[in-house]
Amino acid sequence: MSAALDGLLAGGAAGRRGYNHAYLDEAAKREVRRTLLKALCLPGHQIPFASREMPVARGWGSGGLQITLATVVPEDTVKVIDQGDDESLNALGIRDLVTRTTGAAATTETPAATLIQTRHRIPEDGLAEGVVLVFQVPIADPLRIVDARPSVTRRMHAEGDYAGVWLYLYEDMVHHDHASFTHSHPVEVEGGYVMSPSPIPRHDVARLDGAPHISLFGAGREATLYAVPPYTRVRPLAFEDRPFETERFGGPCVRCGSTGSFLVESGGEDGAPPRLVCSDTDWCRRRRERAR
Amino acid sequence: MYTTILDQSGAVAAAARLAREGAIAPATAGEDDLCRLLPLLVDQVTAEAGVFEPRVCARALREARGDAARAVSLVRAWAATLPRLPECRVDARAMRPLRRITPAFADPPGGQYLGATLDYAQRLLDLDDAPATGPPPGDAVPAPAAARPLPAAFPRALGGLEERGLVAEPEAIAGRTGLRHRLCRAETGAMTALAYSGIRGYGQRSDPTLVELRQGMLPLRVAHPDSGEAVHAGEVAATLAEVVLYRVHDGHADPRLSLGVGATCGRVERRAISAALLDANCARAAHDASPPPCDDREFLSVVLDGQEAAGFVEHLKLPHHVTFTSDLERLGALGEEVDG
Amino acid sequence: MTAPAAVPDLHRAYRAVLVAVSYPGRPVPVAATAGAALRLVLLSTWDPGTPLALAGAAPELPWEAVLVPAAEAELLVVGGRCSGGALAGLPRGDEDRPEIGATAVYSAGRGADLRVRLRGPGIAGHLDTTLPLDPDELAVRDQACADWPRGVDLLAVDDRGRITALPRTTRVEPRR
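Conventions adopted
- Residues numbered from 1 in each chain as written.
- Chains lettered and ligands numbered in written order.
- Predicted model: local features only at pLDDT ≥ 70, side-chain atom pairs only at ≥ 80, totals over all residues.
- Heavy atoms only, no water.
- Helix = DSSP H or I, 4+ residues; strand = E, 2+ residues; numbered from the N terminus.
- Rg over C-alpha atoms; globule rule 2.2 N^0.38 Å.
- Buried < 20%, exposed > 50% of the residue type's maximum accessible area, 1.4 Å probe, protein only.
- Contact = heavy atoms within 4.5 Å.
- Lys, Arg positive; Asp, Glu negative; His and termini not counted.
- Charge placed at Lys NZ, Arg CZ, Asp CG, Glu CD.
- Pairing = 2+ DSSP bridges.
- Patch = residues over 30% accessible without salt bridge, like charges linked within 9 Å, V, L, I, M, F, W, Y side chains within 5 Å.
- Areas by Shrake-Rupley, 256 points an atom, 1.4 Å probe, with all protein chains shown as cover.
- Salt bridge = Lys/Arg side-chain N within 4 Å of Asp/Glu carboxyl O.
- Phe/Tyr/Trp six-rings, centres within 6.5 Å; stacked < 30°, edge-to-face > 60°.
- Lys NZ or Arg CZ within 6 Å of the ring centre and 35° of its normal.
- Buried area = accessible area lost by both parts, 1.4 Å probe.
- Polar contact = N/O pair within 3.5 Å; in protein donor to acceptor, adjacent residues only side chain to side chain.

Observations concerning the overall build of chain C
Tallying secondary structure elements over chain C gives four helices and ten strands in all. Traced from its N-terminal end to its C-terminal end, chain C shows the element sequence α-β-α-β-β-β-α-β-β-β-α-β-β-β. Taken over C-alpha atoms, the radius of gyration comes to 15 Å for chain C, in line with the 16 Å a tight globule of 176 residues would show. Once the C-alpha set of chain C is aligned to its principal axes, its extents read approximately 45 × 30 × 30 Å. The proportion of buried residues among the 176 residues of chain C is 55%. Summarising the internal contacts of chain C: among those between residues at least 6 apart in sequence, 59% fall at separations of at least 24. Side-chain charges in chain C split into 19 positive and 21 negative, and the spacing between the mean points of these groups amounts to 10 Å.

Points about the sheet that holds strand 10 (residues 234-236) of chain A
Residues and elements named next belong to chain A. In spatial order, the strands read 7-6-10; together these three strands make up an open sheet with antiparallel pairing. Strand pairing shows two members of the sheet lacking a second neighbour, strand 7 (194-195) and strand 10, which therefore form its edges. As defined by bridge partners, strand 6 (residues 187-189) adjoins strand 7 across two bridges and the pair is classed as antiparallel. Residue V187 lies in a different strand from strand 7, and its bridge partner there is M195.

Focus on a nonpolar patch on the surface
Residue and element names in this part refer to chain A. Taken together, L167, Y170 and V174 make up a surface patch of nonpolar side chains, about 310 Å² in accessible area. When you line up the elements, V174 lands in helix 6 (residues 163-176). In this structure V174 comes out as exposed when scored by relative accessible area, which is 52%.

Let's talk about the packing of aromatic side chains
Tallied over the full model, the rule gives nine aromatic pairs over all chains. Ring geometry for Y170(A) versus F239(A): centroids 6.4 Å apart, planes at 75°, classification edge-to-face. Here F239(A) lies in the loop between strand 10 and strand 11 (263-266) and Y170(A) lies in helix 6, a separation of 69 residues in the sequence. A relative accessible area of 23% places F239(A) in the partly exposed class. For the pair Y231(A) and Y23(C), a centre-to-centre distance of 6.5 Å together with 70° between the ring planes defines the contact as edge-to-face. Here the residue Y231(A) occupies a position in the loop between strand 9 (224-228) and strand 10, and Y23(C) occupies one in the loop between helix 1 (7-22) and strand 1 (28-29), the pair thus bridging two chains. Judged by its relative accessible area of 3%, Y23(C) is buried. A connected cluster of aromatic rings, assembled from ring pairs, spans F135(A), F217(A) and Y226(A). Above the face of the F312(B) ring, R221(A) is positioned so that its terminal group lies 3.7 Å from the ring centre.

Overview of the environment of V72(B)
Residues and elements named next belong to chain B. Structurally, V72 is set in helix 5 (residues 68-80). Considering only alpha carbons, one finds V72 and A280, 208 residues apart in sequence, at a separation of 27 Å. Filtering out sequence-adjacent residues up to four positions away, V72 remains in contact with V45, E48, A49 and Q307.

Observations concerning the interface of chain B and chain A
Facing 28 residues of chain B, the contacting portion of chain A comprises 41 residues. A combined buried area of about 3,100 Å² lies between chain B and chain A, and 57% of that area is made up of carbon and sulfur atoms. At the junction of chain B and chain A, the tally comes to four salt bridges. Note that R330(B) is salt-bridged to E245(A), the shortest N-O span being 3.6 Å.

Details of the interface of chain C and chain A
Each side of the interface is counted separately: chain C has 41 residues, and chain A has 45 residues. In total, about 3,400 Å² of surface goes out of reach between chain C and chain A, with carbon and sulfur atoms giving 57% of it. Connecting chain C to chain A are nine salt bridges. Linking R155(A) and D96(C) is a salt bridge whose minimum nitrogen-to-oxygen distance equals 3.0 Å. Summed over the shared surface of chain C and chain A, the result is 23 residue pairs in polar contact (both at pLDDT 80 or more).

Things to note about helix 5 (residues 150-159) of chain A
Residue and element names in this part refer to chain A. If you check which residues of helix 5 are buried, you get T153, M156, H157 and A158. Residues of helix 5 that are buried make contact with strand 7. G160, located one to two residues past helix 5, shows a positive phi value of around 65°.

What about the side chain of D204(A)?
Residue and element names in this part refer to chain A. Following the sequence through the fold, D204 ends up in helix 7 (residues 202-205). A polar contact is formed between the side chain of D204 and the backbone nitrogen of I122, at a distance of 2.9 Å. Ignoring anything within four residues of it in the chain, the contact list for D204 reads H120, R121 and I122.

Structure (structure tokens):
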């Protein structure tokens, strides 16, 4: 994306033939802003919006990007991660677009970040009040597993009819003795809406409850936004006698020794078993630096 | 049922000649070259992007290395940053026609004009290296004087049927206009496949007939910013199709023909025909509880956007190792259960 | 009408709105004066074409607004702390589209603030604070928000150019 952006921006600074500050036109920003305002007043409720064409493909973070571009300020320090990694190519491209069209600073360090756009992870560090966390969402509706038709699932949400997803969980218990959701475990948000937390692992779902930061969710392809305000109850759907389970790993991170973070496999050449490492690369690196 | 068109006075050959006119040897192709070399591919990008700017669409194709989906993405993203003018309306009746066929009728008022089309040319790949600047050997080309110029306007072929009360009034069906809008920019292959599935029998059985297909230039009129008067702002290439469905649908008592209309920017005609078929199918099936995909307005509204489809399918190439780790961890747990 | 605001300033103003709505009852600085704050908040978030109702001491709007009765408004702009019944007439949304419930922005000016205790999303436990609203207005707001998820959402710009939010999710108790 950077080469294309070079060419387009070289056409002139914002105000001539180049791109507007924060890329989006002002009307598009205002629509996103109004939608987010209502989303925060209706925690977990999916609200449609006129999702704009973006220079990232649909399915590649266009929704999250529209939220970021509408809410970013030049004083922000922006972090973008994909699977917890700042150096993922897609994250690099998005961070580049945001900072180059707004003048905001970029960082890979979570404690320094004031606005974070993420795909599939919540950073391991707790985030402070005022930090905006923007989630990229592929499938917005947690009831998609119950029915493919938006007309049907919209009605279910309107009526608070979540029997379908509870039945899905019940059948999991009967057949497997635990929920079959791996990531994207549906949650009930204070006020009663059931929401998809985006494809974050169960390890992260548990950390949404009562968090001090602001969580915004953008599904560009599905043209939907939703939000969870700070200090809001977020509970994964679970039966009382079958508590929600997070992932368990066979060992600590081989790089930093952490036993409390979400790990992924790395390496495994020449017949050696793959090693477990933190998915949050920045968190892991800082742990290693502190240990020295 | 399909009707046949009779070749009159070498019109087929003339149409093929017109279509091949201007072909050039592909060297380093600039935008204008691409527009002349691959006009229908440029038209496909134009239609799916919903942006009539052929040179920009050609440039996008070149930058996308020929990937139409990516080219559409580039064009739409570019257009989204341009200032929008107040809406302008087009009147289909004002189309300056370049081609008009009526498979439903042998000899309709106004006549049939093949225009530039490869439809009836044999699909024989030309392996000759010389650029085809003239007619292929063996084609008898009629003298230009024999070609009839097209009338400025045609009466609507369906008009006679409507006057005779043979066409059902269009029902005010929720979402029909929205579907038609989406069909205008739908992904060509997806739309064709689903329209095909309907004719092929996966839909409710409804024998379609293409009543009329028109291709030409649609004039645009916008309100002048100062005087407010309507002024001519340019022309857009477009193809319009009208299809009727015969056959009484189970439980649908009205025996009259159901009309579907389809439109596309540019000249990729299967777009307009497929759109008309899907529009007619969905209107007929509007009250069905569980229609098959080709009759299901909601399904089509979700699935036919090429950008959403391509983007989401291709997004699988993005890293998914966190979500997959979550999956594997579950499988590990299941594994324990099995070993148990 | 005054000159259009700089785009980065609109970003800053909206960020203040976002933070205010996320942390109800906590004032967030927008600009040096109430007038400037109101203007930036409106310009950053709503369109000139937004169906808008006015109430109270006619506040200055940054555009030629499309004025409608309260029942058709998406946005109510109130000069002062009392809307004279307009708040009660605003759309509250329905179960399918609760987001149609309108937003009311008050240019609250000087006055005696209400002492309240707030609870709900955005608030850790409870928050003891003051709101720049008339008590009757608060009662109307509570009534309009009694049937969740229907309701209206309030923003108040105070005379120091700060914005405070009262979304429909916030439960308000008066206190001494």
